[in-house]
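Structure assessment
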Amino acid sequence: IGRHTMDQEGIGFKYNGLYFSQDTFHIFAGLCAVDTPEHVEMMFAAMKEVGLETARMGVYKPRTNPYSFQGHGRKCLPWLFELAGKYGIRCIAMEVCKESHIDEIFEEWERAGRPTGIMLQIGTRNAQNFELLKAVGSQTEFPVLYKRGMGITIEESLNACEYIASEGNRNIIFCLRGVKTNLGDPHRNLVDFAHVPVIKSQTRLPVCVDPTHSVGRRYFGPDGIQEIFHAAAQGVIAGANMILVEFHPRPEKALCDGPQALTLEELPHFIEDMNIVREAY
Ligand code: PEP
Ligand code: MN
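Throughout what follows, the structure given in this document is the object of discussion. (Residues numbered from 1 in each chain as written. Chains lettered and ligands numbered in written order. Predicted model: local features only at pLDDT ≥ 70, side-chain atom pairs only at ≥ 80, totals over all residues. Heavy atoms only, no water.)

In terms of burial, strand β8 (residues 172-176) is largely enclosed, as 5 of its 5 residues are buried. The alternating pattern of β8 places I172, F174 and L176 and I173 and C175 on opposite faces, both of which are buried. Taken together, strand β7 (residues 144-147), helix α5 (residues 154-166) and β8 constitute a β-α-β crossover, and its handedness is right-handed. When β8 meets strand β9 (residues 207-209), the two strands line up parallel, connected through 3 bridges. Across the sheet, residue C175 finds its bridge partner in β9, namely C208. Handedness of the β8-helix α6 (residues 196-202)-β9 crossover: right-handed. (Buried < 20%, exposed > 50% of the residue type's maximum accessible area, 1.4 Å probe, protein only. Helix = DSSP H or I, 4+ residues; strand = E, 2+ residues; numbered from the N terminus. Right-handed = clockwise from strand over helix to strand, strands pointing away. Pairing = 2+ DSSP bridges.)

Here we take up the packing of aromatic side chains. How two aromatic rings sit relative to each other is set out by the distance from centre to centre and by the angle between their planes. Applying the stated criterion across every chain, the model contains 10 aromatic pairs. One aromatic cluster is present, built from ring pairs that chain together F13, F20 and F28. Stacked on the ring of Y19, the Lys or Arg K14 has its end atom at 5.9 Å from the ring centre. A cation over an aromatic ring shows up here: R217 above the ring of Y219, its NZ or CZ 4.3 Å from the ring centre. (Phe/Tyr/Trp six-rings, centres within 6.5 Å; stacked < 30°, edge-to-face > 60°. Lys NZ or Arg CZ within 6 Å of the ring centre and 35° of its normal.)

Here we take up the site of ligand 1. In the vicinity of ligand 1, the contacting residues are R56, K61, E95, Q121, G123, T124, R125, K147, R177 and H213. For ligand 1, an oxygen atom lies 2.9 Å from a polar atom in the backbone of T124. Within the complex, the protein chains bury 96% of what would otherwise be the 290 Å² of accessible surface of ligand 1. When atom positions are compared with the pocket grids, ligand 1 is found to occupy the largest pocket. Looking at the shell around ligand 1 residue by residue, the class counts come to no nonpolar, 4 polar and 6 charged. (Near = heavy atom within 4 Å. Polar contact = N/O pair within 3.5 Å; in protein donor to acceptor, adjacent residues only side chain to side chain. Areas by Shrake-Rupley, 256 points an atom, 1.4 Å probe, with all protein chains shown as cover. 1 Å grid on protein atoms, 1.4 Å probe; cavity = no way out; pocket = protein on both sides within 12 Å on 5 of 7 lines; lining within 4 Å. Sits in = over half its atoms within 2 Å of the grid points. Nonpolar A, V, L, I, M, F, W, Y, C, P; charged D, E, K, R; others polar.)

Six octahedral donors at a metal ideally form angles of 90 or 180 degrees, and four tetrahedral donors ideally form angles of 109.5 degrees. Protein coordination at the manganese ion (ligand 2) comes from C32 (SG), H213 (NE2), E246 (OE) and D257 (OD), with a distance range of 2.0 to 2.4 Å. One chain supplies every donor to the manganese ion (ligand 2), and in sequence these donors are spaced C-x180-H-x32-E-x10-D. Of this pair, E246 sits in strand β10 (residues 242-246) while D257 sits in the loop between β10 and α9 (267-280); the two residues are 11 residues apart in sequence, bridging distant segments of the chain. Like E246, the residue D257 is buried in the burial classification. (Donors = N, O, S within 2.8 Å, 3.2 Å for Na, K, Ca; no water.)

Take helix α3 (residues 99-111) next. Think of an α-helix as turning once every 3.6 residues; residues three or four places apart then point the same way. Helix length check: α3, at 13 residues, gives a terminal C-alpha distance of 19 Å against a target of 18 Å (1.5 Å per residue), a fit within 8%. Turning to α3, its buried residues number three or more, namely H101, I102, E104, I105, E108 and W109. The buried residues of α3 all sit within an arc of 165 degrees when viewed along its axis, so they share a single face. The inward-facing, buried residues of α3 contact β1 (13-15), α2 (77-86), β5 (91-95), β6 (117-122) and α4 (130-138). Note on α3: the residue one or two positions beyond its end, G113, has a positive phi of about 85 degrees. (Expected span 1.5 Å × (residues − 1). Arc of directions from axis to C-beta. Contact = heavy atoms within 4.5 Å.)

None of this, on its own, says anything about what the molecule does.
Shown next as structure tokens:
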């Protein structure tokens, strides 16, 4: 399951000067949702400062509540791409919720002169949206970050990746982001990073962890342990090839997921800690 198509070709893939495999490591940091040019620029500038060229920026947001901010959509793409080019960002992960979002991103990216790379994200809420999976699978311009379904089995999530791969696009990264339980968990989701080696042994896919949506809050436990840092480190120890993590220059002003965003002051510490943990394991 989840390996038939993906086994046929070599391990890993290159994209825009980046290499993704079960041996490489990347941190995609950025805003949950793109809000203002000022905040995006502050984020990119902080990333440049620490030499980070891989970002996450939500443009289309699938929200639980219809009255919540749904993302700026297409209209922010021109200035988002311009800023990405200005700060030397090599790849931006952004979610698509329907097929036309792929076309909008492609058109604006071409119009902007392809100043950065794009990774299309399939969110957990679309983990079994088979038509969308086929759509991202049949475009081969952009790699795909597939987020496991929050309430389906690993096997079902791997079959979903097979939908992408069988359409032709094998540049897929599998992302663990926590799962829902009915146990009244203290965290937003039950952290599932012990599954990193499971995915790595069953497939050839690089595996990403998303500590932000797993833990779901910027919270200091006993001894001042920052839980998002801690969960991310657990993922790295388990062998994660990528971390997707949310920051915001002014979390109290964020239009989505402010309470779980790390601050820009924390960015260098986060990068340093993850690199230390990775080297130690
Ligand atoms: C996100 O990464 O922006 C997101 C909405 O995550 P998920 O689909 O895992 O909830
Ligand atoms: Mn978020």
